Structures are given as C-alpha cells and as structure tokens.
Amino acid sequence: MEKRLILFRHGKSDWDAQFPSDHERPVAKRGIQAAKVMGKLLAAAGQVPDSVVTSSAVRAKTTAEIAAKAGQWSCPMRVTPELYEATSEQALQVIQQEPDSTNILMLVGHEPTWSELTRRLIGGGHVTVPTAVLIAIDFEVNSWVQVTFGSGSLTWLMPPKFFTEGNFPTL
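Everything quoted here is computed from the prediction, not taken from an experiment.

Another aspect to go through is the overall build of the protein chain. Tallying secondary structure elements over the protein chain gives 5 helices and 6 strands in all. Listed N to C, the secondary structure of the protein chain is β-α-β-α-β-α-β-α-β-β-α in terms of helices and strands. Against the 2.2 N^0.38 benchmark of 16 Å for 171 residues, the protein chain shows a C-alpha radius of gyration of 15 Å, consistent with a compact globule. Oriented by its inertia axes, the alpha-carbon framework of the protein chain measures out at about 40 × 40 × 30 Å. Of all 171 residues assigned to the protein chain, the portion counted as buried reaches 49%. Taking contacts inside the protein chain between residues at least 6 apart in sequence as the whole, the part at least 24 apart equals 74%. Put simply, the protein chain shows about 8200 Å² of open surface, and 51% of that area lies on carbon and sulfur atoms. One way to put it: in the protein chain the 16 positive side-chain charges average out to a point 8 Å from where the 17 negative ones average out.

Looking now at the side chain of Q47. Relative to the helices and strands, Q47 resides in the loop between α1 (29-44) and β2 (51-55). Judged by its relative accessible area of 15%, Q47 is buried. A distance of 2.5 Å separates the side chain of Q47 from the side chain of R4, its partner in a polar contact. Setting aside residues up to four positions removed in sequence, Q47 forms contacts with R4, I6, L42, I104 and W156.

A few words on the packing of aromatic side chains. Tallied over the entire structure, the rule returns 1 aromatic pair. Over the aromatic face of W15 sits the side chain of R25, whose NZ or CZ is 3.6 Å from the ring centroid. In this structure, R120 is placed above the aromatic ring of F149, and the distance from its NZ or CZ to the ring centre is 3.9 Å.

Attention now goes to the sheet that holds strand β1 (residues 3-9). The 6 strands are arranged β3-β2-β4-β1-β5-β6 in an open sheet whose pairing can be described as mixed. At either end of the open sheet lies a strand with only one pairing partner, and these are β3 (77-80) and β6 (152-158). Averaged over neighbouring strand pairs, the angle between their axes works out to 20 degrees when direction is ignored. Lying over the sheet, helix α3 (residues 88-96) contacts β1, β2, β3 and β4 (104-109), oriented at roughly 145 degrees with respect to β4. Contacting β1, β4, β5 (134-139) and β6, helix α4 (residues 113-122) crosses the sheet at an angle of about 160 degrees to β1.

In this structure, F149 sits in the loop between β5 and β6. The class for F149 is partly exposed, based on a relative accessible area of 27%. Between the alpha carbons of F149 and I122 there is a distance of 6.9 Å; along the sequence they are 27 residues apart. The residues contacting F149, other than those within four sequence positions of it, are S88, E89, L92, L117, R120 and L121.

Definitions and cut-offs
- Numbers given for residues are sequential positions, taken from 1 along each chain in its written order.
- In view of the model being predicted, local features appear only for residues whose pLDDT reaches at least 70, and side-chain atom pairs are presented and counted only at 80 or more, with totals across whole chains, interfaces and linings using the full set of residues.
- Hydrogens are left out, water is left out, and the side-chain values use all remaining heavy atoms of the structure.
- A run of H or I in DSSP counts as a helix once it spans at least four residues, and a run of E counts as a strand once it spans at least two, with each numbered from the N terminus.
- Only the C-alpha atoms count toward the radius of gyration. The rule for a globule is 2.2 Å times the residue count to the power 0.38.
- The buried label goes to any residue with under 20% of its type's maximum accessible area, the exposed label to any with over 50%, and the partly exposed label to all in between, with areas taken from a 1.4 Å probe on protein chains only.
- Note on contacts: a residue pair is in contact if any heavy atoms of the two residues lie within 4.5 Å.
- Shrake-Rupley sampling with a 1.4 Å probe provides the accessible areas, and residues are treated as covered by the protein chains on show and by no other component.
- Counted charges follow a simple rule, with Lys and Arg positive, Asp and Glu negative, and His plus the chain ends left uncounted.
- Note on charges: their place is set at NZ of Lys, CZ of Arg, CG of Asp or CD of Glu.
- Whenever two N or O atoms come within 3.5 Å, that pair is a polar contact, provided that in protein one can donate a hydrogen and the other can accept it, and provided that, for residues adjacent in sequence, both atoms are side-chain atoms.
- Stacked, tilted and edge-to-face are the three classes applied to pairs of Phe, Tyr and Trp rings, where Trp contributes its six-membered ring and a pair requires centres within 6.5 Å; stacked means planes under 30 degrees apart, edge-to-face means over 60, and tilted covers the rest.
- Here, a charge over a ring is recorded when the distance from Lys NZ or Arg CZ to the ring centre is within 6 Å and its angle to the ring normal is within 35 degrees.
- A pair of strands counts as paired when DSSP detects no fewer than two bridges linking them.
- Fitting a line to C-alpha atoms yields each axis, with helices limited to the stretch in contact; the angle taken between N-to-C directions then spans 0 to 180 degrees.

Structure below.
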C-alpha cells in the first residue's frame, strides 16, 4: 500500500495589509490567484486530498479554503495551531496521527518548516519551498504511524508560476 503526503505552502502574504500579529496576516491577491490555480490543478490531475490539515494562521487557512473551493474538493478540512511555527518533528506527529483511511493527506503550512520537513522525509537534499508550491511525497506504508524521516520519495514539486506565467493554458 502507499500513502501520499502533499505539502502546500500558503499563498503569498499581504505585507501591506493591517494585521495585529503574524498569525493574522492575510493572503495577497497574487496568493489568492495561485491558490485557485493549484486547487484546480490538483483536481484536474486526480490528486484531490482525502483529508486536509491546515495551520490556523489566516494565510494558510485561507489558501486551503480557496484551493478547495476552486478545485471543488469535498474532503474534510481540519484547522490546527499545531502547524503554525511547527518544527519538522511536530509536523511529523500531525502526519502520524492521521487515520489510515486517508490515502492522500495534505498539510497546509509555512516556511522554513516545509523545506526542512521535505528534506528530512526524503532523506536529504536541498529543497526550497516558495509560496503556493505543492510537494508530493510518497511512502510505502500501510499506516501513517509508519511514516518516518528518510522513508519518503519525492514524487513531484509544482510551483504555481509554472502554471500561471507564459503560454500555459488557463486552468
């Protein structure tokens, strides 16, 4: 059996907006557009998650909601403060707590956690995760509790610019 983890970094934040704390920083117009494109892309590719767990930060939660709406995903979404300012160890705990009925799990969160988590799950390398990037990591496991650092294989990494710039057909 195989489990797929999709890491989704939140869309570009709006640094010009008024917000009381980093946790409350909203998504910029460009981030909203990227979230829509990535949500539609996952649907078109047949990669809609079975479950989404998102950071409670406004920019992450908004990115997840926009992508789900644009891609017409019907999966459950859980919001948690555990993914805001999480370490890679804390993110791994979230992954390991996922029910085994989930085959494709999406986590929506932040840097630098997503770059470090990706490197650690695939056993090394150099990975940078810009805003609104999607990363798929596959695990040859039957249960999420079996996911460990070094046990994953990077399957794909998709930046939104690849689909929003140039002559790529509009999704």
